[in-house]
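Working through the structure, step by step
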2 protein chains.
Amino acid sequence: MNGADSLCDTLLANDVDVCFANPGTSEMHFVAALDRKPQMRCVLGLFEGVVTGAADGYGRMADKPAATLLHLGPGLANGLANLHNARRAQTPVVNIVGEHASYHIQYDAPLTTDIESLARPMSNWVRRIKSSDDVSEAAAAAVAAARTEPGRIATLILPADAAWGQASAPVSRAQPPAPGSVDEATLQQAREALLNGRRTIILLSGKALRAGPLETAARIAARSGARLMAQQANGRMERGAGRVPIERVPYPVDAAVKALEGTEQLILIGARTPVAFFAYPGKPSVLIPEACEVITLASPADDLPQTLERLADAVGANGATPIQVAEGGRLELPTGPLTASSVIQAIGALSPENAIICDESVSSGRDSFKWTWNAAPHDFLQITGGAIGIGIPLATGAAVACPDRKVILMQADGSGMYTVQGLWTQAREQLDVVTVVFANRRYAILHNELKMVGAGEPGRNARRMLNLDEPSIDWVHMAQAAGVEAARASDSAAFIDLLRAALARKGPFLIEAVI
Amino acid sequence: MNGADSLCDTLLANDVDVCFANPGTSEMHFVAALDRKPQMRCVLGLFEGVVTGAADGYGRMADKPAATLLHLGPGLANGLANLHNARRAQTPVVNIVGEHASYHIQYDAPLTTDIESLARPMSNWVRRIKSSDDVSEAAAAAVAAARTEPGRIATLILPADAAWGQASAPVSRAQPPAPGSVDEATLQQAREALLNGRRTIILLSGKALRAGPLETAARIAARSGARLMAQQANGRMERGAGRVPIERVPYPVDAAVKALEGTEQLILIGARTPVAFFAYPGKPSVLIPEACEVITLASPADDLPQTLERLADAVGANGATPIQVAEGGRLELPTGPLTASSVIQAIGALSPENAIICDESVSSGRDSFKWTWNAAPHDFLQITGGAIGIGIPLATGAAVACPDRKVILMQADGSGMYTVQGLWTQAREQLDVVTVVFANRRYAILHNELKMVGAGEPGRNARRMLNLDEPSIDWVHMAQAAGVEAARASDSAAFIDLLRAALARKGPFLIEAVI
């Protein structure tokens, strides 16, 4: 057995059985090892941003890591933007980055780069394998790091000679640490804050946004009069009919300041104090009132569901009735011209039970919650790190993790172009993903931002940097080129027809919604 | 005037007047400043790999840097693979990387990353702007760094508050250092080596591969009996009829070792001692014979044309007759089924005078020189750093730099998918690029490499990671989706017809060559 086999065995022994990959020459021994293990599902991405973004989608839904296989520094570099999103989503991911044979690095062959320097900003954990016999222990440590609560990016660098050399070490088992437990004093502090009558927001993120913990949180809110909110961006939320409705902190600074206005106490449960996505002249970076007291009850590394249970006990909330969305409410379908809102309204009305709704609609979907409160119960996955190009890969990975669930992707056109190669993976794997492209043919968010700069009407240079016209992208051809069936809709009725048809069948489909 | 205006003015004052861009919110003040300067040509890429790869192609042909505009760490990360290629090509590039306002970084907003850590592996020079008044000096220093011989990657980090704050500093001028000059002792050493009768290779790269210096080198070779070779990968070579034919060190290890066999002396002029692209068990990393003496006559930072002139003087080569390709030779067109070779043969026969031939055909084009020795004189730009995804952007940038020349891109299908978004930029800018996709529907290079691993016939997992079939990519639809006219050819006659037609018109065209 060589090091590559040892790596493959260790991943499988530790329940990592999906590998999103784009290999190169230096990874050929690992490819050969994967080829000897049919129980490992290998999914090719035609660009590494697809590979890492799919691993993010998979990890968010599977609650366990997939492996990625990346080709040296440049392959890793191509995947970094979506690893950035995955890190912000707190998704478990194990990256295997191929590297030159250790003795070859000194010659600075063309693909040689400083992989650690590239990996660290987007990884919580980085390790270079020392030898074939180090492979199994290192791989198990990587899985343990990835599985450390709430989920982390572990990057393992695999020199080619460690892959091809003989390995005799036994298969190591990952031993991730248990999630943290909140100390009693902090719990009491939160309890007192909740019962002191001051205006309080409980800000949630991470696993606190799954249906069960959220219901517990809603009982606490009902008992204490505190308001529940979710962080602006979260890896996964369980939403829809029969579940607790929860607003996110708005994205625009002014709206966020307004939403948080008057808050006297902020209790963080897996969330962070809201800050502006970007700084603007004369606007605050921190979005809560200056006088607001912040209580960090639980960090993301803590056991959030358990923390909520304990807090519910502490405030005597177990008998309280949480606010929930009524089940079975009738949702209206939109009519008339197609707009971002009518597209989302149709998705909210038609999405089936247990769908996974992925959102990289950027400015088009800023009000999406408004139309989806009482959609059938669904998981909601969004862009978390602001690095555009997550949508198509995210949906791809979620569909690999949950083959029995329908995935619906709300995709802005500008960001969709970033990792458009992911459509091919959906076709190759026949994944059950309906992609809806919001084709406004511009970076609409930047038009707004340019206005805020006070630059007046954009001239030629600005228009040419912010518009996606001249020519417009033909998303139907684009999808077909990748083997995904597709069609275009320009009014609500046509869109509804297409969406119904796409949802009624299995396999990937793309709708270009011209808005 | 704000810092963004100061940056724009400084770039223009230092002859940087093309900006390949994909901006985001934090760069909006710079976008507004660019909008006030119509003399700056802003070219949008729909993904940052297009932006940086285009800057590489531009810099190789313009012999001066373009600016890139990238959105924080993730935007830079998306552009790193092609910056890696540009660094290996020794191309001058000035990256402007937007960053949060300096006071905002402490809050770790979602897009915050360690930009320096990401930038350093692919940059020769990195600087963070300190204030609005630091902008001009920093930008001039960036241009100077980029223009330092032979051409470097300079990365300038622009905090948003430095862009929007008032700037009163005068516009700075870049003062790149003069190229290095080889000392007399080393020149004499090279002279003696050339005249001592031992088997000698003069290995060239960089500007030594332009037509003039190459002719000088060929005189030296004719006088001394030394053999000329080019490095395996070079940023730019001037080739074709009437010029000096020069072989590159072969890519495969065995072929390279054979080509260099028996060499007793190696004289490096802007080149490096040949090393294997990848290490293989039991094969050497260094490709020259162990006993071969290496004389580094000129480093890439030296004035290579001047060094060759001096060396020619020293060895008395000025009267020597260099070997050159005869002009006006008739090139035969291929017939029969379409193969990689027949595609290249047709390109060699039909490419017009002064074309720019870009090559990311990977394994399909390994023997391309065989068919293009006596093609009409042309520039040859190739992938230099092994980070696939350079082809389409490289051709795009070269076409921006040289609007009056025909650009022909030989593009492998696997690597073409990496930065396929670049086709849209060609359509937007109506660039005169003919892209020929070698559609073998596989990572053919990896099939060979897998064989070398001794893994036998690939099984399901290997096939699924190395093949681009199920489904095949439809390159005609892909191009049309991006607004580029396209057609498919499956035999030589059809390919020749399409190529003739594409070369006879202006503007982008893509031919899917099914091989």
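Residues numbered from 1 in each chain as written. Chains lettered and ligands numbered in written order. Predicted model: local features only at pLDDT ≥ 70, side-chain atom pairs only at ≥ 80, totals over all residues. Heavy atoms only, no water.

Digging into the environment of Val126(A)
All names here are of chain A. By the element assignment, Val-126 lies in strand β5 (residues 125-128). Owing to a relative accessible area of 27%, Val-126 belongs among the partly exposed residues under this scheme. Between the alpha carbons of Val-126 and Ala-142 there is a distance of 8.2 Å; along the sequence they are 16 residues apart. Beyond its immediate stretch of four places on either side in the chain, Val-126 contacts Glu-116, Ala-119, Arg-120, Thr-155 and Ile-157. (Helix = DSSP H or I, 4+ residues; strand = E, 2+ residues; numbered from the N terminus. Buried < 20%, exposed > 50% of the residue type's maximum accessible area, 1.4 Å probe, protein only. Contact = heavy atoms within 4.5 Å.)

Here's the deal with the side chain of Thr425(B)
Residue and element names in this part refer to chain B. By secondary structure assignment, the location of Thr-425 is in helix α16 (residues 422-428). Its relative accessible area of 2% is what places Thr-425 among the buried residues. Not counting the four nearest positions on each side in its chain, Thr-425 is found in contact with Val-43, Leu-44, Gly-45, Leu-46, Val-50, Thr-396 and Leu-431.

Considerations on the interface of chain A and chain B
Across the contact, 100 residues belong to chain A and 100 residues belong to chain B. Taking both partners together, chain A and chain B bury about 8300 Å²; carbon and sulfur atoms supply 64% of that area. Inspection of the region where chain A meets chain B yields eight salt bridges. Of the charged contacts in the structure, one is a salt bridge between Asp469(A) and Arg428(B), with a shortest N-O distance of 3.7 Å. Inspection of the region where chain A meets chain B yields 55 residue pairs in polar contact (both at pLDDT 80 or more). Sorting the residues of the side of chain A that touches chain B by element identifies α2 (28-35), β2 (41-44), α4 (72-89), α5 (115-119), α16 (422-428), α17 (444-452), α18 (460-466) and α19 (475-481) of chain A as the ones contributing at least two each. In terms of residue count, α4(A) provides more of the side of chain A that touches chain B than any other element does, nine residues in total. (Buried area = accessible area lost by both parts, 1.4 Å probe. Salt bridge = Lys/Arg side-chain N within 4 Å of Asp/Glu carboxyl O. Polar contact = N/O pair within 3.5 Å; in protein donor to acceptor, adjacent residues only side chain to side chain.)

Let's talk about unusual backbone geometry
Omega for the bond connecting Glu149(A) with Pro150(A) falls within 30 degrees of zero, at 0°, which places this linkage in the cis form. When you line up the elements, Pro150(A) lands in the loop between α6 (135-146) and β6 (153-159). The linkage connecting Glu470(A) with the following residue, Pro471(A), adopts the cis geometry, with an omega of 0°. In this structure, Glu470(B) takes a positive phi of about 50° despite not being glycine. On the secondary structure map, Glu470(B) appears in the loop between α18 (460-466) and α19 (475-481). Looking at Glu470(B), the relative accessible area reads 54%, which means it is exposed.

Quick look at helix α14 (residues 391-401) of chain B
With respect to burial, α14(B) is a largely interior element, 10 of its 11 residues being buried. The set of residues buried in α14(B) consists of Gly391(B), Ile392(B), Pro393(B), Leu394(B), Ala395(B), Thr396(B), Gly397(B), Ala398(B), Ala399(B) and Val400(B).

Some points on the side chain of Asn2(B)
Residue and element names in this part refer to chain B. Along the polypeptide, Asn-2 turns up in the segment before α1 (3-13). Residue class for Asn-2 comes out buried when judged on its relative accessible area of 11%. At a separation of 2.8 Å, a polar atom in the side chain of Asn-2 contacts the main-chain amide nitrogen of Asp-5. For Asn-2, the contacting residues outside a window of four places in its chain are His-29, Arg-36, Ala-163, Trp-164, Gly-165, Gln-166 and Ala-167.

Description of the environment of Thr52(A)
Residues and elements named next belong to chain A. Relative to the helices and strands, Thr-52 is located in helix α3 (residues 48-62). Thr-52 gets classed as buried once you look at its relative accessible area, which sits at 0%. Along the backbone, Thr-52 and Ala-21 are 31 residues apart, and their C-alpha atoms lie at a distance of 8.7 Å. Leave out the neighbours within four places in its chain, and Thr-52 touches Thr-68, Leu-70, Gly-79, Asn-82, Leu-83 and Asn-95. A distance of 2.9 Å separates the side chain of Thr-52 from the backbone oxygen of Gly-79, its partner in a polar contact.

What about the domain arrangement of chain A?
Residues and elements named next belong to chain A. Considered domain by domain, chain A is made up of domain 1 (3-164), domain 2 (184-315) and domain 3 (340-514). Taking only C-alpha atoms into account, the centre of domain 2 sits 29 Å from that of domain 3. Residue-level contacts link 20 residues of domain 2 with 21 residues of domain 3. Here domain 2 and domain 3 share an interface that buries about 1800 Å² over both sides, 49% of which is from carbon and sulfur atoms. For the interface between domain 2 and domain 3, the tally reads one salt bridge. Close ionic contact of Asp-379 with Arg-236 constitutes a salt bridge, the shortest N to O distance being 2.6 Å. Remark: the boundary between domain 2 and domain 3 carries 10 residue pairs in polar contact (both at pLDDT 80 or more). (Domains from an automatic or database assignment.)

Considering helix α2 (residues 28-35) of chain B
Most of α2(B) is tucked away: seven of the eight residues are buried. Turning to α2(B), its buried residues number three or more, namely Met28(B), His29(B), Phe30(B), Val31(B), Ala32(B), Ala33(B) and Leu34(B).

Digging into the UniProt feature "domain: Thiamine pyrophosphate enzyme TPP-binding" (unreviewed entry) in chain A
The UniProt record marks residues 377-512 of chain A with the feature "domain: Thiamine pyrophosphate enzyme TPP-binding" (unreviewed entry), using the residue numbering of this structure. With 43% helix and 20% strand, residues 377-512 of chain A has end C-alpha atoms that lie 25 Å from one another. (UniProt positions renumbered as here; feature names shortened; annotations may be inferred.)

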